[in-house]
2 protein chains.
Amino acid sequence: MSEATEQAAPKAKRPTRAHRREEILAAATRVFGSKGYHQGSLVDVAAQVGITHAGVLHHFGSKDKLLWEVLEYRDRVDVQHLEGKHIPGGMDLFRHLVTTAQLNADRRGIVQAYAVLTGESVTDGHPASSWVGHRFSVLRGEIAEAVREVARERDVTLPDGEAERAANAVIAVMDGLQLQWLLDPEAVDLAEATRFAIESILTATLGSTVRIAST
Amino acid sequence: MSEATEQAAPKAKRPTRAHRREEILAAATRVFGSKGYHQGSLVDVAAQVGITHAGVLHHFGSKDKLLWEVLEYRDRVDVQHLEGKHIPGGMDLFRHLVTTAQLNADRRGIVQAYAVLTGESVTDGHPASSWVGHRFSVLRGEIAEAVREVARERDVTLPDGEAERAANAVIAVMDGLQLQWLLDPEAVDLAEATRFAIESILTATLGSTVRIAST
DNA sequence: CCACACTTACTTACTGGTTAGTAAGTCCCA
DNA sequence: TGGGACTTACTAACCAGTAAGTAAGTGTGG
(Lines give C-alpha, C1' and ligand atoms only; values in the text may rest on other atoms or scores of the structure.)
Protein backbone atom coordinates (compact mmCIF):
# COMPACT_ATOMS: atom_id res chain seq x y z
CA MET A 1 0.00 0.00 0.00
CA SER A 2 1.87 3.10 1.25
CA GLU A 3 4.60 3.44 -1.35
CA ALA A 4 5.95 6.56 0.41
CA THR A 5 8.09 9.03 -1.58
CA GLU A 6 5.48 11.24 -3.21
CA GLN A 7 7.25 14.51 -4.07
CA ALA A 8 7.29 15.30 -0.34
CA ALA A 9 11.03 14.79 -0.20
CA PRO A 10 13.09 17.95 0.26
CA LYS A 11 15.96 16.84 -1.94
CA ALA A 12 15.27 17.61 -5.57
CA LYS A 13 16.57 14.60 -7.47
CA ARG A 14 15.46 11.13 -6.54
CA PRO A 15 12.95 9.98 -9.10
CA THR A 16 14.79 6.76 -9.82
CA ARG A 17 13.03 3.91 -8.06
CA ALA A 18 9.46 5.17 -7.80
CA HIS A 19 9.68 6.79 -11.19
CA ARG A 20 11.12 3.72 -12.88
CA ARG A 21 8.47 1.51 -11.36
CA GLU A 22 5.81 3.84 -12.68
CA GLU A 23 7.36 3.70 -16.15
CA ILE A 24 7.35 -0.07 -16.03
CA LEU A 25 3.73 -0.15 -14.86
CA ALA A 26 2.69 2.05 -17.75
CA ALA A 27 4.59 -0.14 -20.18
CA ALA A 28 3.11 -3.30 -18.69
CA THR A 29 -0.38 -1.84 -19.03
CA ARG A 30 0.28 -1.25 -22.71
CA VAL A 31 1.75 -4.71 -23.22
CA PHE A 32 -0.89 -6.66 -21.28
CA GLY A 33 -3.51 -4.54 -23.00
CA SER A 34 -2.28 -5.24 -26.49
CA LYS A 35 -1.23 -8.86 -26.04
CA GLY A 36 -2.88 -10.12 -22.87
CA TYR A 37 -1.17 -11.32 -19.75
CA HIS A 38 -0.01 -14.72 -20.91
CA GLN A 39 1.04 -13.64 -24.36
CA GLY A 40 2.61 -10.38 -23.25
CA SER A 41 6.14 -11.10 -22.12
CA LEU A 42 8.46 -9.45 -19.66
CA VAL A 43 10.86 -8.91 -22.54
CA ASP A 44 8.20 -6.82 -24.28
CA VAL A 45 7.63 -4.75 -21.17
CA ALA A 46 11.34 -4.29 -20.54
CA ALA A 47 12.03 -3.25 -24.12
CA GLN A 48 9.55 -0.39 -23.85
CA VAL A 49 11.47 1.03 -20.91
CA GLY A 50 14.80 0.34 -22.51
CA ILE A 51 16.05 -2.31 -20.10
CA THR A 52 16.20 -6.11 -20.02
CA HIS A 53 13.53 -8.38 -18.62
CA ALA A 54 15.74 -9.16 -15.65
CA GLY A 55 15.65 -5.47 -14.81
CA VAL A 56 11.88 -5.61 -14.62
CA LEU A 57 12.07 -8.61 -12.32
CA HIS A 58 14.50 -6.68 -10.13
CA HIS A 59 11.71 -4.18 -9.47
CA PHE A 60 8.71 -6.48 -9.27
CA GLY A 61 9.98 -9.91 -8.33
CA SER A 62 7.70 -11.90 -10.59
CA LYS A 63 5.32 -11.50 -13.48
CA ASP A 64 2.31 -12.20 -11.27
CA LYS A 65 3.29 -9.46 -8.86
CA LEU A 66 3.75 -7.08 -11.76
CA LEU A 67 0.21 -7.86 -12.92
CA TRP A 68 -1.17 -7.14 -9.49
CA GLU A 69 0.52 -3.80 -9.38
CA VAL A 70 -0.71 -3.01 -12.87
CA LEU A 71 -4.28 -3.61 -11.73
CA GLU A 72 -3.84 -1.40 -8.69
CA TYR A 73 -2.21 1.17 -10.94
CA ARG A 74 -5.27 1.13 -13.16
CA ASP A 75 -7.49 1.78 -10.17
CA ARG A 76 -5.33 4.72 -9.18
CA VAL A 77 -5.44 6.23 -12.67
CA ASP A 78 -9.14 5.53 -12.88
CA VAL A 79 -10.14 7.72 -9.96
CA GLN A 80 -7.46 10.37 -10.21
CA HIS A 81 -9.69 12.61 -12.32
CA LEU A 82 -12.08 12.74 -9.39
CA GLU A 83 -11.04 15.66 -7.23
CA GLY A 84 -13.51 14.73 -4.51
CA LYS A 85 -11.46 11.52 -4.14
CA HIS A 86 -14.66 9.75 -3.13
CA ILE A 87 -16.93 7.90 -5.52
CA PRO A 88 -20.24 9.75 -5.70
CA GLY A 89 -23.66 8.30 -4.96
CA GLY A 90 -27.19 8.63 -6.34
CA MET A 91 -27.59 10.10 -9.79
CA ASP A 92 -24.09 11.55 -9.52
CA LEU A 93 -22.72 8.02 -9.73
CA PHE A 94 -24.45 7.37 -13.05
CA ARG A 95 -23.25 10.68 -14.39
CA HIS A 96 -19.79 9.65 -13.28
CA LEU A 97 -20.08 6.33 -15.13
CA VAL A 98 -21.02 8.07 -18.36
CA THR A 99 -18.23 10.60 -17.93
CA THR A 100 -15.78 7.77 -17.40
CA ALA A 101 -16.99 6.13 -20.60
CA GLN A 102 -16.41 9.42 -22.38
CA LEU A 103 -12.87 9.66 -21.05
CA ASN A 104 -12.27 6.01 -21.90
CA ALA A 105 -12.99 6.70 -25.55
CA ASP A 106 -9.64 8.51 -25.57
CA ARG A 107 -7.80 5.93 -23.50
CA ARG A 108 -8.01 2.89 -25.69
CA GLY A 109 -5.00 1.23 -24.11
CA ILE A 110 -6.46 1.15 -20.64
CA VAL A 111 -9.84 -0.03 -21.85
CA GLN A 112 -8.17 -2.77 -23.85
CA ALA A 113 -6.09 -3.88 -20.89
CA TYR A 114 -9.18 -4.04 -18.74
CA ALA A 115 -11.16 -5.97 -21.35
CA VAL A 116 -8.38 -8.42 -22.10
CA LEU A 117 -7.58 -9.10 -18.48
CA THR A 118 -11.23 -9.44 -17.52
CA GLY A 119 -11.79 -11.95 -20.29
CA GLU A 120 -8.62 -13.84 -19.46
CA SER A 121 -9.54 -13.88 -15.79
CA VAL A 122 -12.31 -16.42 -16.29
CA THR A 123 -9.70 -19.02 -17.23
CA ASP A 124 -8.76 -21.55 -14.56
CA GLY A 125 -6.47 -20.24 -11.86
CA HIS A 126 -5.79 -16.92 -13.53
CA PRO A 127 -3.94 -14.51 -11.23
CA ALA A 128 -6.38 -11.69 -11.98
CA SER A 129 -9.60 -13.58 -11.31
CA SER A 130 -9.89 -12.62 -7.66
CA TRP A 131 -9.19 -9.02 -8.51
CA VAL A 132 -11.90 -8.95 -11.17
CA GLY A 133 -14.32 -10.80 -8.90
CA HIS A 134 -13.72 -8.37 -6.10
CA ARG A 135 -14.06 -5.44 -8.44
CA PHE A 136 -17.40 -6.69 -9.68
CA SER A 137 -18.75 -7.18 -6.19
CA VAL A 138 -17.66 -3.71 -5.06
CA LEU A 139 -19.14 -2.10 -8.15
CA ARG A 140 -22.35 -4.09 -7.74
CA GLY A 141 -22.71 -2.86 -4.18
CA GLU A 142 -22.03 0.77 -5.04
CA ILE A 143 -24.30 0.90 -8.05
CA ALA A 144 -27.11 -0.97 -6.27
CA GLU A 145 -26.89 1.53 -3.42
CA ALA A 146 -27.09 4.40 -5.90
CA VAL A 147 -30.17 2.83 -7.48
CA ARG A 148 -31.81 2.56 -4.08
CA GLU A 149 -30.92 6.17 -3.35
CA VAL A 150 -32.53 7.40 -6.55
CA ALA A 151 -35.56 5.22 -5.87
CA ARG A 152 -35.90 6.78 -2.43
CA GLU A 153 -35.67 10.28 -3.89
CA ARG A 154 -38.50 9.46 -6.27
CA ASP A 155 -40.60 7.61 -3.70
CA VAL A 156 -40.38 4.37 -5.59
CA THR A 157 -40.45 1.09 -3.72
CA LEU A 158 -38.25 -1.53 -5.33
CA PRO A 159 -38.90 -5.26 -5.20
CA ASP A 160 -36.32 -7.26 -3.31
CA GLY A 161 -33.07 -7.66 -5.19
CA GLU A 162 -34.21 -5.31 -7.96
CA ALA A 163 -31.43 -2.82 -7.24
CA GLU A 164 -28.84 -5.58 -7.59
CA ARG A 165 -30.39 -6.78 -10.83
CA ALA A 166 -30.21 -3.28 -12.23
CA ALA A 167 -26.63 -2.91 -11.00
CA ASN A 168 -25.61 -6.14 -12.68
CA ALA A 169 -27.20 -5.00 -15.92
CA VAL A 170 -25.42 -1.64 -15.76
CA ILE A 171 -22.04 -3.25 -15.19
CA ALA A 172 -22.69 -5.80 -17.89
CA VAL A 173 -23.69 -3.27 -20.48
CA MET A 174 -20.62 -1.15 -19.84
CA ASP A 175 -18.26 -4.10 -20.20
CA GLY A 176 -20.04 -5.41 -23.24
CA LEU A 177 -20.03 -2.06 -25.00
CA GLN A 178 -16.32 -1.70 -24.38
CA LEU A 179 -15.74 -5.02 -26.11
CA GLN A 180 -17.77 -4.01 -29.15
CA TRP A 181 -16.11 -0.63 -29.27
CA LEU A 182 -12.64 -2.14 -29.13
CA LEU A 183 -13.39 -4.47 -32.00
CA ASP A 184 -15.15 -1.84 -34.13
CA PRO A 185 -14.96 1.77 -32.90
CA GLU A 186 -17.08 2.93 -35.84
CA ALA A 187 -20.02 0.79 -34.79
CA VAL A 188 -20.31 2.12 -31.25
CA ASP A 189 -20.17 5.58 -29.73
CA LEU A 190 -18.92 4.53 -26.34
CA ALA A 191 -20.20 7.44 -24.24
CA GLU A 192 -23.50 7.78 -26.09
CA ALA A 193 -24.21 4.06 -26.00
CA THR A 194 -23.37 3.85 -22.33
CA ARG A 195 -25.66 6.75 -21.49
CA PHE A 196 -28.48 5.25 -23.53
CA ALA A 197 -28.13 1.84 -21.91
CA ILE A 198 -27.92 3.11 -18.34
CA GLU A 199 -30.89 5.40 -18.88
CA SER A 200 -32.86 2.48 -20.26
CA ILE A 201 -32.13 0.26 -17.31
CA LEU A 202 -32.87 2.96 -14.76
CA THR A 203 -36.05 3.99 -16.51
CA ALA A 204 -37.33 0.44 -16.58
CA THR A 205 -36.29 -0.19 -12.99
CA LEU A 206 -37.79 2.96 -11.53
CA GLY A 207 -40.89 3.04 -13.71
CA SER A 208 -40.37 6.64 -14.77
CA THR A 209 -38.14 8.30 -17.31
CA VAL A 210 -34.58 8.88 -16.15
CA ARG A 211 -32.29 11.24 -18.02
CA ILE A 212 -28.58 11.68 -17.66
CA ALA A 213 -27.31 15.03 -18.88
CA SER A 214 -24.95 14.69 -21.81
CA THR A 215 -21.96 16.66 -20.59
CA MET B 1 -17.18 -27.53 -47.00
CA SER B 2 -18.81 -30.74 -48.28
CA GLU B 3 -17.27 -33.34 -46.01
CA ALA B 4 -19.30 -36.05 -47.74
CA THR B 5 -20.01 -39.27 -45.85
CA GLU B 6 -22.93 -38.29 -43.62
CA GLN B 7 -24.54 -41.55 -42.43
CA ALA B 8 -25.76 -42.07 -46.00
CA ALA B 9 -23.24 -44.85 -46.49
CA PRO B 10 -24.73 -48.36 -46.52
CA LYS B 11 -21.76 -49.92 -44.76
CA ALA B 12 -22.20 -49.71 -41.01
CA LYS B 13 -18.76 -48.96 -39.65
CA ARG B 14 -16.86 -45.85 -40.65
CA PRO B 15 -17.23 -43.18 -38.00
CA THR B 16 -13.51 -42.75 -37.61
CA ARG B 17 -12.51 -39.49 -39.27
CA ALA B 18 -15.59 -37.34 -38.74
CA HIS B 19 -16.12 -38.77 -35.29
CA ARG B 20 -12.55 -38.23 -34.21
CA ARG B 21 -12.64 -34.65 -35.43
CA GLU B 22 -15.74 -34.00 -33.33
CA GLU B 23 -14.03 -35.47 -30.30
CA ILE B 24 -11.06 -33.20 -30.84
CA LEU B 25 -13.29 -30.15 -31.37
CA ALA B 26 -15.12 -30.85 -28.13
CA ALA B 27 -11.82 -31.26 -26.33
CA ALA B 28 -10.42 -28.09 -27.86
CA THR B 29 -13.52 -26.19 -26.79
CA ARG B 30 -12.92 -27.33 -23.23
CA VAL B 31 -9.22 -26.50 -23.34
CA PHE B 32 -9.56 -23.10 -24.98
CA GLY B 33 -12.44 -22.39 -22.64
CA SER B 34 -10.55 -23.24 -19.50
CA LYS B 35 -7.13 -21.91 -20.48
CA GLY B 36 -7.65 -19.60 -23.41
CA TYR B 37 -6.27 -20.00 -26.89
CA HIS B 38 -2.67 -18.98 -26.29
CA GLN B 39 -2.32 -20.73 -22.97
CA GLY B 40 -4.17 -23.86 -24.02
CA SER B 41 -1.76 -26.14 -25.86
CA LEU B 42 -2.24 -28.80 -28.49
CA VAL B 43 -0.75 -31.24 -26.03
CA ASP B 44 -3.63 -30.49 -23.65
CA VAL B 45 -6.18 -31.02 -26.38
CA ALA B 46 -4.54 -34.22 -27.57
CA ALA B 47 -4.29 -35.66 -24.08
CA GLN B 48 -8.05 -35.35 -23.63
CA VAL B 49 -8.64 -37.52 -26.69
CA GLY B 50 -5.88 -39.91 -25.76
CA ILE B 51 -3.53 -39.14 -28.64
CA THR B 52 -0.43 -37.00 -29.17
CA HIS B 53 -0.40 -33.40 -30.32
CA ALA B 54 0.91 -34.49 -33.70
CA GLY B 55 -2.24 -36.54 -34.09
CA VAL B 56 -4.31 -33.41 -33.60
CA LEU B 57 -2.26 -31.60 -36.24
CA HIS B 58 -2.83 -34.52 -38.58
CA HIS B 59 -6.54 -33.72 -38.45
CA PHE B 60 -6.46 -29.94 -38.37
CA GLY B 61 -3.18 -28.82 -39.88
CA SER B 62 -2.46 -26.00 -37.47
CA LYS B 63 -3.56 -24.57 -34.17
CA ASP B 64 -5.13 -21.57 -35.88
CA LYS B 65 -7.22 -23.78 -38.13
CA LEU B 66 -8.32 -25.78 -35.12
CA LEU B 67 -9.50 -22.58 -33.45
CA TRP B 68 -11.49 -21.63 -36.52
CA GLU B 69 -13.23 -24.97 -36.57
CA VAL B 70 -13.92 -24.71 -32.86
CA LEU B 71 -15.68 -21.41 -33.45
CA GLU B 72 -17.75 -22.85 -36.29
CA TYR B 73 -18.47 -25.85 -34.09
CA ARG B 74 -19.82 -23.53 -31.42
CA ASP B 75 -22.12 -21.91 -33.95
CA ARG B 76 -23.40 -25.30 -35.00
CA VAL B 77 -24.07 -26.37 -31.41
CA ASP B 78 -25.60 -22.99 -30.70
CA VAL B 79 -28.40 -23.26 -33.21
CA GLN B 80 -28.96 -26.99 -33.16
CA HIS B 81 -31.72 -26.65 -30.56
CA LEU B 82 -33.66 -24.60 -33.07
CA GLU B 83 -35.81 -26.98 -35.09
CA GLY B 84 -36.84 -24.28 -37.52
CA LYS B 85 -33.15 -23.99 -38.37
CA HIS B 86 -33.73 -20.30 -39.07
CA ILE B 87 -33.19 -17.57 -36.52
CA PRO B 88 -36.55 -16.03 -35.64
CA GLY B 89 -37.46 -12.36 -35.92
CA GLY B 90 -39.52 -9.87 -33.95
CA MET B 91 -40.38 -10.72 -30.36
CA ASP B 92 -39.54 -14.35 -31.08
CA LEU B 93 -35.90 -13.37 -31.41
CA PHE B 94 -35.82 -11.89 -27.92
CA ARG B 95 -37.56 -14.93 -26.53
CA HIS B 96 -34.93 -17.00 -28.28
CA LEU B 97 -32.13 -14.97 -26.71
CA VAL B 98 -33.52 -15.52 -23.23
CA THR B 99 -34.01 -19.21 -23.90
CA THR B 100 -30.43 -19.44 -25.08
CA ALA B 101 -29.28 -17.78 -21.88
CA GLN B 102 -31.28 -20.33 -19.95
CA LEU B 103 -29.65 -23.21 -21.81
CA ASN B 104 -26.24 -21.59 -21.40
CA ALA B 105 -26.58 -21.73 -17.63
CA ASP B 106 -26.10 -25.49 -18.02
CA ARG B 107 -23.33 -25.25 -20.58
CA ARG B 108 -20.65 -23.47 -18.64
CA GLY B 109 -17.85 -24.78 -20.84
CA ILE B 110 -19.19 -23.25 -24.01
CA VAL B 111 -20.00 -19.95 -22.34
CA GLN B 112 -16.51 -19.84 -20.88
CA ALA B 113 -14.91 -20.59 -24.23
CA TYR B 114 -16.93 -17.83 -25.85
CA ALA B 115 -16.08 -15.32 -23.12
CA VAL B 116 -12.40 -16.15 -23.06
CA LEU B 117 -11.99 -16.08 -26.81
CA THR B 118 -14.00 -12.88 -27.18
CA GLY B 119 -11.84 -11.16 -24.59
CA GLU B 120 -8.65 -12.51 -26.09
CA SER B 121 -9.77 -11.44 -29.53
CA VAL B 122 -9.28 -7.76 -28.80
CA THR B 123 -5.53 -8.35 -28.54
CA ASP B 124 -3.44 -7.38 -31.54
CA GLY B 125 -3.60 -9.79 -34.44
CA HIS B 126 -5.59 -12.44 -32.65
CA PRO B 127 -6.83 -15.17 -35.01
CA ALA B 128 -10.36 -14.97 -33.59
CA SER B 129 -10.82 -11.22 -33.89
CA SER B 130 -12.36 -11.23 -37.33
CA TRP B 131 -14.73 -14.01 -36.31
CA VAL B 132 -15.85 -12.09 -33.25
CA GLY B 133 -16.15 -8.87 -35.23
CA HIS B 134 -18.23 -10.57 -37.88
CA ARG B 135 -20.38 -12.23 -35.28
CA PHE B 136 -21.08 -8.90 -33.62
CA SER B 137 -22.07 -7.24 -36.85
CA VAL B 138 -24.39 -10.06 -37.86
CA LEU B 139 -26.02 -10.09 -34.44
CA ARG B 140 -26.33 -6.32 -34.48
CA GLY B 141 -28.14 -6.45 -37.80
CA GLU B 142 -30.51 -9.22 -36.78
CA ILE B 143 -31.40 -7.72 -33.42
CA ALA B 144 -31.83 -4.23 -34.84
CA GLU B 145 -34.18 -5.65 -37.48
CA ALA B 146 -36.17 -7.41 -34.75
CA VAL B 147 -36.41 -4.13 -32.83
CA ARG B 148 -37.72 -2.37 -35.92
CA GLU B 149 -40.22 -5.16 -36.47
CA VAL B 150 -41.59 -4.88 -32.95
CA ALA B 151 -41.72 -1.09 -33.29
CA ARG B 152 -43.73 -1.44 -36.48
CA GLU B 153 -46.15 -3.83 -34.77
CA ARG B 154 -46.69 -1.29 -32.03
CA ASP B 155 -46.90 1.71 -34.35
CA VAL B 156 -43.85 3.31 -32.81
CA THR B 157 -41.57 5.47 -34.93
CA LEU B 158 -37.96 5.11 -33.94
CA PRO B 159 -35.35 7.85 -34.28
CA ASP B 160 -32.58 7.14 -36.75
CA GLY B 161 -30.08 4.61 -35.45
CA GLU B 162 -32.14 3.88 -32.37
CA ALA B 163 -32.67 0.25 -33.33
CA GLU B 164 -28.90 -0.23 -33.66
CA ARG B 165 -28.28 1.43 -30.32
CA ALA B 166 -30.75 -0.90 -28.69
CA ALA B 167 -29.20 -3.88 -30.46
CA ASN B 168 -25.74 -2.93 -29.25
CA ALA B 169 -27.03 -2.62 -25.71
CA VAL B 170 -28.73 -6.00 -25.87
CA ILE B 171 -25.58 -7.71 -27.15
CA ALA B 172 -23.46 -5.91 -24.59
CA VAL B 173 -25.62 -6.82 -21.66
CA MET B 174 -25.66 -10.48 -22.62
CA ASP B 175 -21.88 -10.66 -22.93
CA GLY B 176 -21.35 -8.71 -19.75
CA LEU B 177 -23.72 -10.85 -17.74
CA GLN B 178 -21.98 -13.99 -18.93
CA LEU B 179 -18.70 -12.63 -17.62
CA GLN B 180 -20.16 -11.87 -14.21
CA TRP B 181 -21.91 -15.21 -14.08
CA LEU B 182 -18.72 -17.08 -14.92
CA LEU B 183 -16.80 -15.34 -12.16
CA ASP B 184 -19.56 -15.67 -9.58
CA PRO B 185 -22.54 -17.84 -10.51
CA GLU B 186 -24.20 -17.08 -7.17
CA ALA B 187 -24.36 -13.38 -7.89
CA VAL B 188 -26.20 -13.65 -11.21
CA ASP B 189 -29.14 -15.68 -12.43
CA LEU B 190 -28.15 -15.78 -16.06
CA ALA B 191 -31.56 -16.29 -17.66
CA GLU B 192 -33.43 -14.03 -15.25
CA ALA B 193 -30.87 -11.23 -15.54
CA THR B 194 -30.83 -11.48 -19.31
CA ARG B 195 -34.62 -11.30 -19.50
CA PHE B 196 -34.69 -8.32 -17.14
CA ALA B 197 -32.04 -6.43 -19.08
CA ILE B 198 -33.53 -7.03 -22.51
CA GLU B 199 -36.99 -6.07 -21.29
CA SER B 200 -35.54 -2.88 -19.85
CA ILE B 201 -33.83 -1.90 -23.04
CA LEU B 202 -36.85 -2.69 -25.21
CA THR B 203 -39.23 -0.90 -22.88
CA ALA B 204 -37.08 2.22 -22.89
CA THR B 205 -36.60 2.08 -26.64
CA LEU B 206 -40.23 1.54 -27.56
CA GLY B 207 -41.69 3.79 -24.86
CA SER B 208 -44.11 1.16 -23.61
CA THR B 209 -43.74 -1.83 -21.35
CA VAL B 210 -42.33 -4.93 -23.02
CA ARG B 211 -42.59 -8.33 -21.38
CA ILE B 212 -40.87 -11.54 -22.32
CA ALA B 213 -42.65 -14.65 -21.04
CA SER B 214 -40.49 -16.59 -18.60
CA THR B 215 -40.54 -20.05 -20.13
C1' DC C 1 -10.83 -64.95 -52.14
C1' DC C 2 -6.68 -63.22 -51.53
C1' DA C 3 -2.56 -60.59 -52.34
C1' DC C 4 -0.83 -56.26 -53.59
C1' DA C 5 -1.33 -51.12 -53.68
C1' DC C 6 -2.61 -47.55 -51.42
C1' DT C 7 -4.67 -44.56 -47.65
C1' DT C 8 -5.62 -43.28 -42.99
C1' DA C 9 -4.46 -42.50 -38.31
C1' DC C 10 -1.59 -42.05 -35.87
C1' DT C 11 3.60 -42.13 -32.95
C1' DT C 12 8.29 -40.93 -31.99
C1' DA C 13 11.75 -37.85 -32.35
C1' DC C 14 13.33 -33.65 -33.36
C1' DT C 15 13.84 -28.38 -34.47
C1' DG C 16 13.79 -23.70 -33.61
C1' DG C 17 11.77 -20.61 -30.92
C1' DT C 18 10.10 -18.36 -26.60
C1' DT C 19 9.35 -18.12 -21.84
C1' DA C 20 9.97 -16.83 -16.53
C1' DG C 21 13.15 -16.93 -13.31
C1' DT C 22 18.10 -17.06 -11.14
C1' DA C 23 22.77 -15.96 -10.11
C1' DA C 24 26.63 -13.38 -10.36
C1' DG C 25 28.91 -9.64 -11.74
C1' DT C 26 29.49 -4.47 -13.20
C1' DC C 27 28.71 0.37 -13.00
C1' DC C 28 27.56 4.58 -10.89
C1' DC C 29 26.01 7.76 -7.52
C1' DA C 30 25.88 9.53 -2.86
C1' DT D 1 32.80 2.58 0.02
C1' DG D 2 28.74 0.61 -0.20
C1' DG D 3 24.32 -0.29 -2.04
C1' DG D 4 20.89 0.00 -5.47
C1' DA D 5 20.08 -0.42 -10.54
C1' DC D 6 20.86 -2.73 -13.54
C1' DT D 7 23.27 -6.46 -17.39
C1' DT D 8 25.00 -10.75 -19.01
C1' DA D 9 24.62 -15.34 -19.07
C1' DC D 10 22.31 -19.11 -18.14
C1' DT D 11 18.62 -22.86 -17.08
C1' DA D 12 14.66 -25.58 -17.34
C1' DA D 13 10.40 -25.78 -19.18
C1' DC D 14 7.29 -25.55 -22.75
C1' DC D 15 5.59 -24.50 -27.29
C1' DA D 16 3.93 -25.34 -32.51
C1' DG D 17 5.19 -27.49 -36.32
C1' DT D 18 7.84 -31.05 -39.29
C1' DA D 19 9.53 -35.41 -40.83
C1' DA D 20 9.70 -40.05 -41.02
C1' DG D 21 8.10 -44.28 -39.80
C1' DT D 22 4.46 -47.93 -38.42
C1' DA D 23 0.35 -50.47 -38.04
C1' DA D 24 -4.13 -51.12 -39.41
C1' DG D 25 -7.35 -50.71 -42.55
C1' DT D 26 -9.68 -50.37 -47.54
C1' DG D 27 -10.15 -51.20 -52.37
C1' DT D 28 -9.16 -53.73 -56.40
C1' DG D 29 -7.39 -56.86 -60.02
C1' DG D 30 -6.68 -61.47 -61.08
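Residues numbered from 1 in each chain as written. Chains lettered and ligands numbered in written order. Predicted model: local features only at pLDDT ≥ 70, side-chain atom pairs only at ≥ 80, totals over all residues. Heavy atoms only, no water.

### Side note on the confidence of the model for chain A
Scored by pLDDT, chain A comes out at a mean of 89, with 89% of its residues at no less than 70. Of all helices and strands in chain A, the one with the weakest mean pLDDT is helix H4 (residues 63–79) of chain A (86), whereas helix H8 (residues 162–183) of chain A scores best (98). (pLDDT = per-residue confidence, 0-100. Helix = DSSP H or I, 4+ residues; strand = E, 2+ residues; numbered from the N terminus.)

### Side note on the protein's contact with DNA strand D
Taken together, the neighbourhood of DNA strand D is formed by 17 residues, with Arg20, Thr52 and His59 of chain A together with His53 and Lys63 of chain B sitting nearest. Sugar plus phosphate, as a fraction of atoms of DNA strand D within 4 Å of the protein: 61%. One nitrogen or oxygen atom from the side chain of Ser41 of chain B is found 3.5 Å from a phosphate oxygen belonging to DNA strand D. Here a base nitrogen of DNA strand D sits 2.8 Å away from a polar atom, N or O, in the side chain of His53 of chain B. Among the elements of the structure, helix H1 (16–35) and helix H3 (53–60) of chain A together with helix H3 (53–60) of chain B are those that each provide at least two residues to the surface near DNA strand D. Sort the elements by how many residues they give to the surface near DNA strand D and H3 of chain A lands first, with four residues. In terms of residue class, the surface near DNA strand D is made up of five nonpolar, nine polar and three charged. (Near = heavy atom within 4 Å. Polar contact = N/O pair within 3.5 Å; in protein donor to acceptor, adjacent residues only side chain to side chain. Nonpolar A, V, L, I, M, F, W, Y, C, P; charged D, E, K, R; others polar.)

### As for the protein's contact with DNA strand C
Taken together, 16 residues sit near DNA strand C, with His53 and Lys63 of chain A together with Arg17, Arg20 and Thr52 of chain B positioned nearest. If you look at DNA strand C and keep only atoms within 4 Å of the protein, 59% of those are sugar or phosphate atoms. Arg17 of chain B has a polar side-chain atom sitting 3.0 Å from a phosphate oxygen of DNA strand C. If you list the elements that add at least two residues to the surface near DNA strand C, you get H3 of chain A together with helix H1 (16–35) and H3 of chain B.

### Quick look at the side chain of Gln180 of chain B
If you trace the backbone, Gln180 of chain B turns up in helix H8 (residues 162–183). Here the side chain of Gln180 of chain B touches Arg140 of chain A through a polar contact of 3.1 Å, side chain to side chain. Dropping the residues within four chain positions of it, Gln180 of chain B is found in contact with Phe136, Arg140, Asn168, Ile171 and Ala172 of chain A together with Val188 of chain B. (Contact = heavy atoms within 4.5 Å.)

### Some thoughts on unusual backbone geometry
Residues and elements named next belong to chain A. Positive phi values are uncommon outside glycine, yet Asp155 reaches one of about 55°. Here Asp155 is to be found in the loop between helix H7 (129–153) and H8. You can call Asp155 exposed: its relative accessible area is 71%. (Buried < 20%, exposed > 50% of the residue type's maximum accessible area, 1.4 Å probe, protein only.)

### Overview of the relation of the copies chain B and chain A
Here chain B sits on chain A after a turn of 180° about the axis and a move of 0.0 Å along it, with an RMSD of 0.1 Å. Seen this way, the second copy is the image of the first under a two-fold rotation axis. A shared interface surface links the copies, since 98% of the contact residues of chain B are contact residues in chain A too. (Least-squares fit on C-alpha atoms with pLDDT ≥ 70 in both.)

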